[in-house]
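Spelled out from the first residue to the last, the chains are:
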Amino acid sequence: MCGICGIIDYQGFEISEQLQGAMCSSIEHRGPDHKGSYYKKSNNISAFLACQRLSIIDISGSNQPIENEAGNMKIVQNGEIFNFKEIRKELAAKGHIFKTKGDTEVILHGYEEWGAGVLQRLNGQFAFAIFDEKNGKLFMARDRVGIIPLYYTCNNRFEFASEAKSLLTDKGSQSINYSALSHYVSLRYIPDPMTLIEGISKLRPGCYAIVENGNIQEHEYWDLANFEPKEKHSEKHYIESFERIMEESVRLRLVSDVPVGIFLSGGIDSSLILAVMKRLQNEIEAFSIGFDAPGWQDELPYAKFAAAQNNASHNIIRINSNDYFNSFNTLSYQTDEPIGDPTMIPLYYLSKLASEKVKVTLSGEGSDEFFAGYQYNRRKRNWHIQNVFNSIPDFAIRAIEAGKNNTIARMLGADKVNILLQRRKNGYLPVASMGLSDEFKKEIFDPKTRQFTKVYPTLDFMESQIRTENWEKNIIRAMQYVDIKTWLAGDLLMRADKTAMAHSLEVRFPFLDHNLSELAFTTPESFKIKGKIRKYIVKKMAEKYYDKDFVHRYKVGFALPLDHYIKNRINDVKDILLSKKSRERGILDMGYIQGLISSFENRASYDGMSAESRRLFTMTMLELWCCNYLR
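What counts and what doesn't
- Residues numbered from 1 in each chain as written.
- Predicted model: local features only at pLDDT ≥ 70, side-chain atom pairs only at ≥ 80, totals over all residues.
- Heavy atoms only, no water.
- Salt bridge = Lys/Arg side-chain N within 4 Å of Asp/Glu carboxyl O.
- Buried < 20%, exposed > 50% of the residue type's maximum accessible area, 1.4 Å probe, protein only.
- Helix = DSSP H or I, 4+ residues; strand = E, 2+ residues; numbered from the N terminus.
- Pairing = 2+ DSSP bridges.
- Contact = heavy atoms within 4.5 Å.
- Axes fitted to C-alpha atoms, helices over the stretch in contact; angles between N-to-C directions.
- Expected span 1.5 Å × (residues − 1).
- 1 Å grid on protein atoms, 1.4 Å probe; cavity = no way out; pocket = protein on both sides within 12 Å on 5 of 7 lines; lining within 4 Å.
- Points joined across faces, edges and corners; volume = space filled by probe spheres on them.
- Nonpolar A, V, L, I, M, F, W, Y, C, P; charged D, E, K, R; others polar.
- Core = buried A, V, L, I, M, F, W, Y, C linked by side-chain atoms within 4.5 Å.
- pLDDT = per-residue confidence, 0-100.
- Phe/Tyr/Trp six-rings, centres within 6.5 Å; stacked < 30°, edge-to-face > 60°.
- Lys NZ or Arg CZ within 6 Å of the ring centre and 35° of its normal.

### What to know about the pattern of salt bridges
Then comes step 1: Taken as a whole and judged by the stated rule, the model has 41 salt bridges.
Then comes step 2: Residues Lys352 and Glu356 are paired through a salt bridge, measuring 3.7 Å at the closest nitrogen-oxygen approach.
Then comes step 3: When its relative accessible area of 40% is taken as the criterion, Lys352 is described as partly exposed.
Then comes step 4: Here Asp563 ties to Arg603 by a salt bridge, and the two come within 3.7 Å at their closest N and O atoms. Taken together, the positions of Asp563 in helix 22 (residues 562–568) and Arg603 in the loop between helix 25 (590–601) and helix 26 (611–629) put the pair 40 residues apart, joining distant regions of the chain.
Then comes step 5: What makes Asp563 buried here is its relative accessible area of 1%.
Then comes step 6: A residue is classified by how much of its surface remains accessible, and Arg603, at 25% relative accessible area, is partly exposed.

Here it is as structure tokens:
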């Protein structure tokens, strides 16, 4: 992958060399191998495009920007097109002449031939921008599920970049986006297209945009809601289809002129990818992480087993509470926007380890979202309980709300009553990443911030993401869809991109091949969840390579001893959250923060990831982000 940036000024004002250089320097870590740029100024338009390249395919021949034969179109791309050789062959047959052997030029010629239709032909992870000198038009696009980020701002001039920090190099003080702030506290990430900085947006996954005369029009070219199960086939059909597409997906993601390794968590998904890799290449570098904490059980034993089973060279790193906290400030800057997901810290160290040996790794991300790996059945039961609650008449709801000591309130507990009431009013959709209810958020914010955030209920936002009319008839499908549109793109893929690119490392995701995604959404629920077995067809394929005890063990996930780590460095947390700057900023309510810290310090045990430690982490990353970005 790379880092790209650009400015189109439709008033023809000068784009200074200093600004051009600053935008590129801010994203140099994404592509230290080559820096290339294009700049042209005329009477009515000035255009600048640049790329910091991480050379993966056609290492010496595909430096960017790349132009077409006529020299009047320029492209910069961040990402990879895995099927570019097939598309190139088709375009060459139509008379297109290629100067490079890489994938970026294929996009440009494809755009000349098919316009926006080229996007339907691309199998990859990408964000790119094409500038047409003839009409001053900019065309930019982002991959289907949002693996690669693309930020933009439109204020007198149009600017875009792989990271938001590149768009701030010539800006003064920043204003906070209060809708994004409200959702961050609930979700622990900021969903597309929002960012925490007012005026900066992200192009949504599966979308392209056309910029003309300073105006932007966004269009959607792919959406999972369009893929409905049309007919039910046999179990054998779905298993064989999955195996065929999965093997092809891994093969495509090994297309590279540099070595490709793998993040090996020890879970079923990365272990399956490793087994398929072994069939396609002999030497494999696998990278795993463990956690130093008293009595902590991680998945390293399973990772070691999978690595040995496939004769992979196994590289392991362990981190402790000091490692964990020492990365906080760096990551709060590197991520551009706060991510309250504590697993991004081990990913940062894992990426550092991998970058010492390879430029590219594969990852198992996406399997849980597309093939129902989470507790969707439990969440489905919660849905039915909520439906019962929804049937309670309004007068009874008002009685529960008013009477803190009534029987129902005592049975449920105050927090649960508040959550149920909020969902009763706004509708209910169980979300894997939900952190705090809209009602509970009132306690977190300082009064002067609360007045702005209270008008942005997160439950309303999450329900607005549903794109199918009959979603209540297939609740699990609806929950998966929202998780993919929000949690996957906003948290999991964002943390992967920012932590890996901090070390100039590209990560590829076989489970996010769009053919596999479309198969998942046309596969009946009964073949994704069978009895108590989640990700059923994934595990059936895994049984070809591993014994059933390994495949069907209890799901641990990427857990870490957050309680223990924060306990060891609680004074550092206090210094950050209760600092003079934090008090003066007036975003968080200091009384709430002090109460949260006290609650954590009074815990009877510190053996996992408690609600208090998660919230402390979420608030700490927010405050550090403010220190870095609010000038």
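### Quick notes on the sheet that holds strand 9 (residues 157–161)
Then comes step 1: Reading across the sheet, the 6 strands line up as 2-3-1-9-8-10 and stay open at both edges, with antiparallel pairing between neighbours. Whereas interior strands pair on both sides, the edge strands pair on one side only; in this sheet they are strand 2 (34–41) and strand 10 (201–202).
Then comes step 2: Bridge count between strand 8 (residues 151–155) and strand 9: 5 bridges; the pairing is antiparallel. Each residue of the ladder has a partner; that of Cys154, found in strand 9, is Phe158.

### Some thoughts on the sheet that holds strand 6 (residues 124–132)
Then comes step 1: Strand order in the open sheet formed by 6 strands is 4-5-6-7-11-12, and the pairing between neighbours is antiparallel. In this open sheet, the two edge strands, each paired with only one partner strand, are strand 4 (66–67) and strand 12 (215–220).
Then comes step 2: Examined bridge by bridge, strand 6 and strand 7 (residues 137–142) share 6 bridges and lie antiparallel to one another. Across the sheet, Ile130 pairs through a bridge with Phe139, a residue of strand 7.
Then comes step 3: Helix 3 (residues 104–114) contacts strand 4, strand 5 (73–81), strand 6 and strand 7 of the sheet and is inclined by roughly 125 degrees relative to strand 5.

### As for helix 10 (residues 344–355)
Then comes step 1: Between its first and last C-alpha atoms helix 10 spans 16 Å; for 12 residues at 1.5 Å apiece the expected length is 16 Å, and the two agree.
Then comes step 2: Of all 12 residues making up helix 10, 10 are buried, and the element is well covered by its neighbours.
Then comes step 3: Among the residues of helix 10, those classed as buried are Met344, Ile345, Pro346, Leu347, Tyr348, Tyr349, Leu350, Ser351, Leu353 and Ala354.

### A short note on unusual backbone geometry
Then comes step 1: The omega torsion across Gln64 and Pro65 is 0 degrees, close enough to zero to call that bond cis.
Then comes step 2: Note on placement: Pro65 falls in the loop between strand 3 (46–53) and strand 4.
Then comes step 3: The residue after Asp192, namely Pro193, is reached through a cis peptide bond having omega 5 degrees.
Then comes step 4: Here Pro193 lies in the loop between helix 4 (178–187) and strand 10.
Then comes step 5: For Asp58, which is not glycine, the phi dihedral falls at a positive 50 degrees.
Then comes step 6: Note that Asp58 resides in the loop between strand 3 and strand 4.
Then comes step 7: You can call Asp58 buried: its relative accessible area is 12%.
Then comes step 8: The residue Asp336 is not glycine, and still its phi comes out positive at about 70 degrees.
Then comes step 9: Within the fold, Asp336 resides in the loop between helix 9 (328–334) and helix 10.

### Digging into empty space enclosed by the protein
Then comes step 1: Tallied over the entire structure, the rule returns 3 cavities of 30 Å³ or more.
Then comes step 2: By volume, the largest cavity is sized at about 80 Å³.
Then comes step 3: In terms of residue count, strand 5 provides more of the lining of the largest cavity than any other element does, 3 residues in total.
Then comes step 4: Taken together, the residues of the lining of the largest cavity break down into 4 nonpolar, 6 polar and 3 charged.
Then comes step 5: Space inside the second largest cavity adds up to approximately 70 Å³.
Then comes step 6: In terms of lining residues, the second largest cavity is bounded by Phe82, Asn123, Gly124, Gln125, Asp143, Arg144, Val145, Ile147, Arg253, Leu512, Asp513 and His514.

### A short note on the nonpolar core
Then comes step 1: Core analysis: the biggest nonpolar cluster contains 195 residues, and Phe160 and Phe242 have the highest contact counts within it.
Then comes step 2: Considering each element in turn, this core owes the most residues, 11 residues, to helix 18 (residues 475–501).
Then comes step 3: Counting residues in hydrophobic clusters, the runner-up holds 5 residues, among them Ala372, Ile475, Met479 and Ile529.

### Describing the confidence of the model for the protein
Then comes step 1: In this model, the protein carries a mean pLDDT of 89, and residues with pLDDT of at least 70 account for 89%.
Then comes step 2: Note that residues 412–416 has pLDDT below 50 and, in this model, 3 contacts with residues that lie over four places away or in other chains.
Then comes step 3: Low confidence marks residues 424–434, where pLDDT is under 50. Its contacts with residues over four positions away, or in another chain, come to 42 contacts.

### With respect to the packing of aromatic side chains
Then comes step 1: Evaluated as defined, the whole model comprises 26 aromatic pairs.
Then comes step 2: A centroid spacing of 6.1 Å and a plane angle of 65 degrees characterise the contact between Tyr302 and Phe550, whose relative ring orientation is edge-to-face. In this pair, Tyr302 is assigned in helix 7 (residues 300–309) and Phe550 in helix 21 (residues 548–551), connecting sequence segments 248 residues apart.
Then comes step 3: Since its relative accessible area comes to 33%, Tyr302 is described here as partly exposed.
Then comes step 4: By relative accessible area, which is 5% here, Phe550 ends up buried.
Then comes step 5: Ring pairs connect the aromatic residues Tyr111, Phe126, Phe128, Phe139 and Tyr208, which therefore count as one cluster.
Then comes step 6: The ring centre of Trp114 lies 3.7 Å from the NZ or CZ of Arg121, which sits over that ring.
Then comes step 7: The side chain of Arg553 reaches across the aromatic face of Phe550, ending 4.6 Å from its centre.

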